[in-house]
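Here is what each chain is made of, one letter per residue.
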Amino acid sequence: MMIRAWSIPLLALGLAGCAQWERPGATPQMRDAALARCEAGAFQAAPPANMTVMTDRGGWVPGSRECKGEGANRRCRETEGYYRRPSYGTRDQNEPMREAFVEDCMRRDGWVLK
């Protein structure tokens with residue numbers, strides 16, 4: 001499985017959020033190298049396994065009636081109801097496993113997430 005160059009930094013951002021891996025005496029370059037090694041191992045152990053999931057079940061959307069004004073100036077607008085189809089997307093079912101792998105790998109190497 002080929003790993004795209006841009007996917008590793010994105011994974012790192014997703015894992016760390018606002019937190020950052022730290023280790024006494026380590027440079028940012030050392031951290032980046034350790035993180036890249038752990039992420040590469042995670043992708044080998046748990047390659048992406050995308051599955052289709054329903055993101056919106058769809059269904060009937062009822063019509064509506066909206067009126068403005070009073071008396072002779074009253075105007076109403078009606079919309080008909082309609083059926084909205086379900087929508088689908090993909091989800092990588094191995095992503096949580098990769099995140100756990102990276103965290104375990106970094107912690108075994110003495111890194112702490114702060």
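Note that the coordinates shown come from a computational prediction; the quantities given were computed from them, not determined experimentally. (Residues numbered from 1 in each chain as written. Predicted model: local features only at pLDDT ≥ 70, side-chain atom pairs only at ≥ 80, totals over all residues. Heavy atoms only, no water.)

Caption draft 1: Quick peek at the packing of aromatic side chains. The full count for this structure, using the stated rule, is 0 aromatic pairs. Arg 98 extends its terminal NZ or CZ atom over the ring of Phe 43, reaching a point 4.6 Å from the ring centre. (Phe/Tyr/Trp six-rings, centres within 6.5 Å; stacked < 30°, edge-to-face > 60°. Lys NZ or Arg CZ within 6 Å of the ring centre and 35° of its normal.)

Caption draft 2: Local environment of helix 3 (residues 95-108). Along its 14 residues, helix 3 runs 20 Å from first to last C-alpha, staying within 8% of the 20 Å computed at 1.5 Å per residue. Of all the positions in helix 3, only Arg 98, Val 102, Cys 105 and Met 106 are classed as buried. Buried residues in helix 3, looked at end-on, bunch into an arc of 95°, giving them a common side. For helix 3, the exposed residues set more than 90 degrees away from the buried face come down to Pro 96 and Arg 108. Gly 110 sits one or two residues past helix 3 and shows a positive phi near 90°. (Helix = DSSP H or I, 4+ residues; strand = E, 2+ residues; numbered from the N terminus. Expected span 1.5 Å × (residues − 1). Buried < 20%, exposed > 50% of the residue type's maximum accessible area, 1.4 Å probe, protein only. Arc of directions from axis to C-beta.)

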